[in-house]
Amino acid sequence: MAALLISLPVCHDAIAADLQAEPAAVSILSPGSVVASPDGGTLYVACETAARIAVVDLASGTITRTMPTPDAPLGLAISKDGGNLIVTCAAPESTICVLDTTSGETLATHAAGYTAMAPVLSPDERTLYICNRFNNEVQFLDLTTGRTAARVAVRREPVAMDRTPDGKHLIVANHLPHGRSDAEHVAAVVSIVDVEAGRVCKELPLPNGSTLLRGVAVSPDGKFAAVTHLLGRFHLPTTQLDRGWVQTNALTLIDIDRREILNTVLLDNTTAGAANPWAAAWSVDGARLVVTHAGTHELSVIDAREMLAQLTALRDSPGESTRSGNDRPPRTAADIPSDLAFLVPMVRRIPLPDKGPRAVALVGSKAFTANYFADTLTLVDLDSPKMDVVSLPLGPPPEMDLIRKGELAWNDASLCYQGWLSCSSCHSSDARVDGLNWDNLNDGIGNPKNAKSMILSFQTPPTTALGVRANAHVSVRAGIKNILFSSHPEEVALALDAYLSNLEPMPSPHLVDGGLSPAARRGRDLFMSERVGCTDCHAPPLYTRMKARDVGTNGRFDKPTDKFDTPTLIELWRSAPYLHDGSAATVRDVLTTRNPEGRHGDVSGLSENEIDDLCEYILSL
């Protein structure tokens, strides 16, 4: 390993030459996935923005090859003999590439769904399991025939997956909650898929407020799965950040045999948040569990055996939580998800020199993180007394334009007081939604609102449901002060402006060959008709007239005189639940059960099929 430490920082000539002829934007690599060869001699790093795989030889400390991919590589899997590397290349119509690790040649390509990611091989390597994120499904791909053997529907946006060692079950992390956000319990679920039956055999709702799941890892003995996620305290007004008042960052342990949640532990401590936990990995012997923190740029190294022993001992402890503060020892299992001190004796949080660790691979006692915003790997020697850290460049230092700096700021919890959260903690890493209602202070206390997507936020002012922020420019600066509880030079706000104003909508999964389906075309005619009146409020091309309306949806937390900003309908397919309070789980609910007096469009004279067509058009925008 000494050669690695000495030579890798200056070994990026191969990738530099490979990038020399590319446009400037491609020189940003964005490493987001990493997998080690079975012999531990090679790391394969998926560079998302550059659409290529970097091959790092650990013995010589050199990048031996880069392999181009047709689209952004969002996931990697490797065969047991190390001969084949499987890459999920994400697009509306994704591609699965099977690469020869010796020659770098593409051996086969297969079709997958919308934003394919998190590939997992079956034990016999005949089947590849794929998360098709925006199809809300797990695809079973027969690698011998290239045909899809099954598609298993899961709840919402599967983004991470692992299998049990016997290959009988898949543990699938759904990124977002489903359903209404004005309910008492709002949380994403973990789906357990029975592989032989080809169906979900159990859904495990996470603790209330759990959202933005990112990583899942099954222990080597197959007994437990670890899932990373955020744990929002959305029932509280956002008056402070201290002690996880607004947001905590969590790890849920699942007992696979029992198909139940063992418990949820907090990765923060009382004075330092551990924002945006992303990837998790177990050591081969199951003694350690490591977690990357993409927001605070850290690696947590957990004594997994001690953690599991304590959680198992508390499993059957009776009663509800009895604790009154974080300085008392836990009394029952119910205490643990709110206990900022529980994990402290069992974890070391290692600050990393590089920004945005989104993936991790363990090679013996060495942990390698892939750092999205730094274009580096970070090596952490877990056996050294101080857990020594070395930064390993994958290419030339990235030259960030203002948009890229804004994307970093959006995801950077070091800009926040005590690192509890980042902008992405309520709007995900790409500035969409988290599926929760938040009682922010911009319009008073006691009136929670659904977190909005930031798509077209600069083009469709105002930016809050009640219009208290005139535009996104004002909201960005108010958010730094009142959400992050911090202050920064104007350059940070300008970078966030650039990032948000340049966001582009994604094409809807409801489109067929890039165009409207027959049902959506029929729905378009209804949408544009005076009979229904949708364009009175949602006129093309932005599908909003940017005016506040009383649409009859004022709830128990609203004033009778409140009027609500008319949002754009573009990319509405991604932003459920709907309305200012998240009280409509679906677009059909908006048009029917949450449409008093036809103020969301007069559908009273429409048939059920016509309402379906209208929904299909709206979801195709």
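Structure: above.
What counts and what doesn't
Every chain's residues receive numbers from 1 upward, in the order its sequence appears when written. With pLDDT at 70 or above as the cut-off, local features in this predicted model cover only qualifying residues; side-chain atom pairs require 80 or more to be listed or tallied, and sums for whole chains, interfaces and linings still use all residues. Just so you know, side-chain values use all the structure's heavy atoms and leave hydrogens and water out. When DSSP locates at least two bridges between a pair of strands, those strands are taken to pair. Helix and strand definitions follow DSSP, with helices as H or I runs of at least four residues and strands as E runs of at least two, each counted in order from the N terminus. All axes here are fitted lines through C-alpha atoms, helices being fitted over the stretch that makes contact, and every angle between N-to-C directions spans 0 to 180 degrees. For a helix, the expected span equals 1.5 Å multiplied by the number of residues minus one. Residue exposure (1.4 Å probe, protein chains only): buried if accessible area is under 20% of the type maximum, exposed if over 50%, otherwise partly exposed. The contact criterion used is simple: two residues touch if any of their non-hydrogen atoms lie within 4.5 Å. Think of the arc as the fan of directions from the helix axis to the C-beta atoms. Only buried residues count toward a nonpolar core, which is a set of Ala, Val, Leu, Ile, Met, Phe, Trp, Tyr and Cys residues joined through side-chain atoms within 4.5 Å. Each pair of aromatic rings taken from Phe, Tyr and Trp, with Trp reduced to its six-membered ring, is defined by centres within 6.5 Å and is described as stacked if the planes are under 30 degrees apart, edge-to-face if over 60, and tilted in the remaining cases. Charge-over-ring placement is defined geometrically: NZ (Lys) or CZ (Arg) within 6 Å of the ring centre, and within 35 degrees of the ring normal. Criterion for a salt bridge: a side-chain nitrogen of Lys or Arg within 4 Å of a carboxyl oxygen of Asp or Glu. Cysteine sulfur atoms are paired as a disulfide whenever they come within 2.5 Å of each other.

Turning to the sheet that holds strand S26 (residues 366–371), a few remarks are in order. Reading across the sheet, the four strands line up as S25-S26-S27-S28 and stay open at both edges, with antiparallel pairing between neighbours. Looking at the sheet topology across the chains shown, the edges are occupied by strand S25 (357–363) and strand S28 (389–393). In this sheet, adjacent strand axes meet at a mean angle of 25° when their direction is disregarded. As paired elements, strand S27 (residues 376–381) and S28 share five bridges and run antiparallel to each other. Within S28, the residue paired with Leu-379 across the bridge is Val-390.

This next bit is on helix H7 (residues 490–501). Helix length check: H7, at twelve residues, gives a terminal C-alpha distance of 16 Å against a target of 16 Å (1.5 Å per residue), a fit within 8%. Of the positions making up H7, those classed as buried are Val-492, Ala-493, Ala-495, Leu-496, Asp-497, Ala-498, Tyr-499 and Leu-500. Residues of H7 that are buried make contact with helix H4 (402–411) and helix H6 (472–482).

Attention shifts here to helix H8 (residues 518–528). An α-helical turn contains 3.6 residues, so any two residues separated by three or four positions project in the same direction. Every buried residue of H8 is accounted for by Ala-519, Ala-520, Gly-523, Leu-526 and Phe-527. Each buried residue of H8 lies within a common arc of 110° when the element is viewed along its axis, so the set occupies one face. Elements in contact with the buried residues of H8: helix H10 (608–618).

Glancing now at the sheet that holds strand S8 (residues 106–111). Read from one edge of the open sheet, four strands run S5-S6-S7-S8, paired in antiparallel fashion. The open sheet has two edge strands, strand S5 (72–78) and S8, and neither has a second partner. Direction aside, the axes of adjacent strands within the sheet are offset by 20° on average. With five bridges connecting them, strand S7 (residues 95–100) and S8 associate as antiparallel partners. Residue pairing in the sheet places Leu-99 in a bridge with Thr-106 of S8.

Attention now moves to unusual backbone geometry. Glycine aside, the phi torsion of most residues is negative, and most peptide linkages are trans. A cis amide bond links Pro-461 with the next residue in sequence, Pro-462, at an omega value of -5°. Along the polypeptide, Pro-462 turns up in the loop between strand S30 (449–450) and H6. Cis geometry is found at the peptide bond from Ala-576 to Pro-577, where omega equals 0°. Take Pro-577: it is sitting in the loop between strand S32 (564–565) and helix H9 (587–591). Unlike most non-glycine residues, Leu-212 shows phi in positive territory, near 50°.

Another point: the environment of Leu-441. In this fold, Leu-441 is placed in the loop between strand S29 (437–438) and S30. The class for Leu-441 is partly exposed, based on a relative accessible area of 39%. Each C-alpha atom, one on Leu-441 and one on Thr-239, is 7.3 Å from the other, the two residues being 202 residues apart in sequence. Sequence-distant contacts of Leu-441, that is, excluding residues within four places in its chain, are made with Thr-238 and Thr-239.

A separate point is the nonpolar core. Note that soluble globular proteins tend to have their nonpolar side chains buried in a common cluster. Counting 59 residues, the largest nonpolar core has Trp-410, Leu-500, Phe-527, Tyr-578, Val-587, Leu-614 and Ile-618 as its most contacted members. Counting residues per element, the ones that place at least two in this core are H4, H6, H7, H8, H9 and H10. Not counting the four nearest positions on each side in its chain, Trp-410 is found in contact with Ser-422, Cys-423, Ser-424, His-427, Ser-428, Ser-429, Ala-431, Met-454, Leu-496, Tyr-499 and Leu-500. Of all hydrophobic cores here, the second largest spans 34 residues; its members include Cys-131, Val-172, Val-190 and Leu-213.

For Glu-184, the position within the fold is in the loop between strand S14 (169–174) and strand S15 (189–194). Judged by relative accessible area, Glu-184 falls into the exposed class, the value being 56%. Considered as a pair, Glu-184 and His-235 are 51 residues apart in the sequence and their alpha carbons are 8.7 Å apart. Every residue in contact with Glu-184, bar those within four places of it in the chain, is listed here: Asn-208, Phe-234, His-235 and Arg-556.

Counted under the stated rule, the structure contains eight aromatic pairs. Taking the centre distance of 5.3 Å and the plane angle of 75° together, the rings of Tyr-114 and Phe-134 count as edge-to-face. Placement of the pair is Tyr-114 in the loop between S8 and strand S9 (116–121) and Phe-134 in the loop between strand S10 (127–132) and strand S11 (137–142), with a sequence separation of 20 residues. The pair formed by Tyr-114 and Phe-134 is uniform in burial state, with each residue classed as buried. Considering the side-chain rings of Phe-527 and Tyr-543, the 5.8 Å spacing of their centres and the 55° angle between planes classify their relative orientation as tilted. On the criterion of sequence distance, the pair formed by Phe-527 in helix H8 and Tyr-543 in the loop between H8 and strand S31 (548–549) is long-range, its members being 16 residues apart. Just as Phe-527 is buried, Tyr-543 falls in that class too. Above the plane of the ring of Tyr-372 lies Arg-358, whose end atom (NZ or CZ) is 3.9 Å from the centre.

This part covers the pattern of salt bridges. For the coordinates displayed, the defined rule picks out 25 salt bridges. Note that Glu-137 and Arg-151 form a salt bridge whose closest N and O atoms lie 2.7 Å from each other. Of this pair, Glu-137 sits in strand S11 while Arg-151 sits in strand S12 (residues 147–153), and the two are 14 residues apart along the sequence. Judged by its relative accessible area of 48%, Arg-151 is partly exposed. The salt bridge involving Asp-381 is made with Lys-366; its shortest N-O contact spans 4.0 Å. Here Asp-381 is found in strand S27, whereas its partner Lys-366 is found in strand S26, with 15 residues between them in sequence. Its relative accessible area of 17% is what places Lys-366 among the buried residues. Via salt bridges that share partners, Asp-255, Arg-258, Glu-260 and Arg-315 belong to a single interconnected network.

Of the pairings in the sheet, the one linking S11 to S12 comprises six bridges and is antiparallel in character. What sits directly across from Glu-137, in S12, is Ala-153. The turn joining S11 and S12, which pair antiparallel and follow one another in sequence, is formed by four residues; a positive phi near 80° is taken by Gly-146.

Enumeration according to the criterion identifies zero disulfides in this entry. Here Cys-416 stays unpaired: no disulfide links it, and the sulfur of Cys-423, its closest cysteine neighbor, is 9.0 Å away. Residue Cys-416 is classed as buried on the basis of its relative accessible area, which comes to 7%. When its relative accessible area of 18% is taken as the criterion, Cys-423 is described as buried.

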